[in-house]
Amino acid sequence: MPSMRINKYLSENGYCSRREADRLIEAGRVFVNGKRAQLGDQISDTDRVRVEGREKRRPPEKIYILLHKPRNMSTVWNRRTNNVINFVDYPEPIYPVGTLDQTFEGLVFLTNDRVLANRIVKSTYEFDQEFVVEVDHPLSIQAIRLMQHGIKLNDGISPSAKVRRIDEYRFAIILQEDPNRIRQLCEALDYTIVSIKRTRLLSLKMPMQYGEGLWRHLTESEIRELKKTVNLK
């Protein structure tokens, strides 16, 4: 990391605010490399910082990755299975946020930011997910309208959904519930699913042309928008 002022270092390390850090430094309770710290000292990765007798290390850099998960790949880690963690093979520990059915392909978000991950998982069905579904025979206007307004299923009438026809065999659907609902809808309308692809999760979007198996780091603007979506500063 580039050097930074010691009060900023302690603040970003989650120990205290910059103002409180300055107070602790003035009180002689902060040491750098065994010497009493001074206001304005610059800190780098090679420095050892102790506050009130405890060593403080800079937290690991946050990692945010968007992956186009191939079909028949698990989002549940297991040393012996074909899963997204082994596939990406990132040099630092990361994990997928939530799950995506093994038979689905599409957008998977991986990170080491546990605070953001927990916020997303706890509110998964409060926010939009978008899927593109391909079926085995041509879509009728009536089928699209039924999915939009609700279909009688075994557990009652399905909630209305945002559905649009893409072409003769594909439609896009936006859900705020378990994606397995898509299977129930198609079965009720006598369609067999050929493929299901997730193209959006909250504010994260994956272009249709983004190749299967590709992954990239999120941009700073994508990270800010994602945190804003789940009300995380």
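Residues numbered from 1 in each chain as written. Predicted model: local features only at pLDDT ≥ 70, side-chain atom pairs only at ≥ 80, totals over all residues. Heavy atoms only, no water.

> Would you mind showing me how to read helix α7 (residues 220-229) here?
Each turn of an α-helix holds 3.6 residues, which means side chains three or four residues apart point in the same direction. Along α7, the residues classified as buried are Glu-222, Ile-223 and Leu-226. Buried residues of α7, viewed axially, fall in a sector of 100°; they line one side. In α7, the exposed residues that point more than 90 degrees away from the buried face are Glu-220, Arg-224 and Lys-228. The first or second residue beyond α7 is Asn-231, which carries a positive phi of 55°. (Buried < 20%, exposed > 50% of the residue type's maximum accessible area, 1.4 Å probe, protein only. Helix = DSSP H or I, 4+ residues; strand = E, 2+ residues; numbered from the N terminus. Arc of directions from axis to C-beta.)

> Looking at this structure, how should I read helix α2 (residues 18-26)?
Those residues of α2 that fall on the buried side of the exposure criterion are Ala-21, Leu-24 and Ile-25. Relative to the axis of α2, the buried residues are bounded by an arc of 100° and lie together on one face. Of the exposed residues in α2, those oriented more than 90 degrees away from the buried face are Arg-19 and Glu-26. At the C-terminal side of α2, Gly-28 shows a positive phi close to 75°.

> Please clarify how the pairing of strand β13 (residues 162-165) should be interpreted in this entry.
Every regular strand shows the same layout, with side chains that alternate between the two sheet faces. Alignment of β13 against strand β14 (residues 170-175), held across 4 bridges, turns out to be antiparallel. Within β14, the position partnered with Lys-162 by the bridge is Ile-174. Hairpin connection from β13 to β14: 4 residues lie between these consecutive antiparallel strands. (Pairing = 2+ DSSP bridges.)

> Teacher, can you tell me more about the packing of aromatic side chains here?
Under the counting rule described, the total for this entry stands at 3 aromatic pairs. Ring centres of Tyr-64 and Phe-109 lie 6.4 Å apart, and the angle between their planes is 5°; on these two criteria the pair is classed as stacked. Of the two residues, Tyr-64 sits in strand β7 (residues 64-69) while Phe-109 sits in strand β9 (residues 105-111), which places them 45 residues apart along the sequence. Among the residues examined, Tyr-64 registers a relative accessible area of 6% and is labelled buried. (Phe/Tyr/Trp six-rings, centres within 6.5 Å; stacked < 30°, edge-to-face > 60°.)

> So what exactly am I meant to see when it comes to the side chain of Arg-181 here?
Its location among the elements puts Arg-181 in helix α6 (residues 181-188). What makes Arg-181 buried here is its relative accessible area of 13%. Discounting chain neighbours no more than four positions away, the residues touching Arg-181 are Leu-153, Asp-155 and Pro-159. (Contact = heavy atoms within 4.5 Å.)

> Quick question: what am I supposed to make of the pattern of salt bridges here?
In a structure, side chains of opposite charge can pair up when their charged atoms sit close to one another. Tallying each qualifying case throughout the model produces 10 salt bridges. For the salt bridge of Arg-23 with Glu-20, the shortest nitrogen-to-oxygen distance reads 2.5 Å. With Arg-23 and Glu-20 both in helix α2 and 3 residues apart, this pair spans about one turn of that helix. The class of Glu-20 is partly exposed, set by a relative accessible area of 27%. (Salt bridge = Lys/Arg side-chain N within 4 Å of Asp/Glu carboxyl O.)

> Got a minute to help me understand the nonpolar core in this structure?
In summary, soluble globular proteins display a tendency toward joint burial of nonpolar side chains. In terms of nonpolar packing, the biggest core is built from 31 residues, with Phe-131, Val-133, Met-147, Phe-171, Ile-173 and Ile-182 touching the most fellow members. The contacts of Val-133, once residues within four sequence positions are left out, are Tyr-169, Arg-170, Phe-171, Ile-173, Ile-182, Cys-186, Ile-193, Ser-195 and Ile-196. (Core = buried A, V, L, I, M, F, W, Y, C linked by side-chain atoms within 4.5 Å.)

> In this structure, what is going on with unusual backbone geometry? I would like to understand it.
Generally, phi is negative for residues other than glycine and the peptide bonds are trans, each holding for most cases. Even without being a glycine, Asp-190 presents a positive backbone phi close to 65°. Position of Asp-190 among the secondary structure elements: in the loop between α6 and β15 (193-201). For Asp-190, a relative accessible area of 62% puts it in the exposed group. Residue Leu-202 is not a glycine yet carries a positive backbone phi of 55°. Taking relative accessible area as the criterion, Leu-202 reaches 6% and is therefore assigned buried.

> It is not clear to me how the side chain of Thr-111 should be interpreted in this structure. Could you clarify?
Inspection of the secondary structure assignment puts Thr-111 in strand β9. Judged by its relative accessible area of 0%, Thr-111 falls in the buried class. Among the polar contacts listed, one links the side chain of Thr-111 to the backbone oxygen of Ile-63, at a separation of 2.6 Å. (Polar contact = N/O pair within 3.5 Å; in protein donor to acceptor, adjacent residues only side chain to side chain.)

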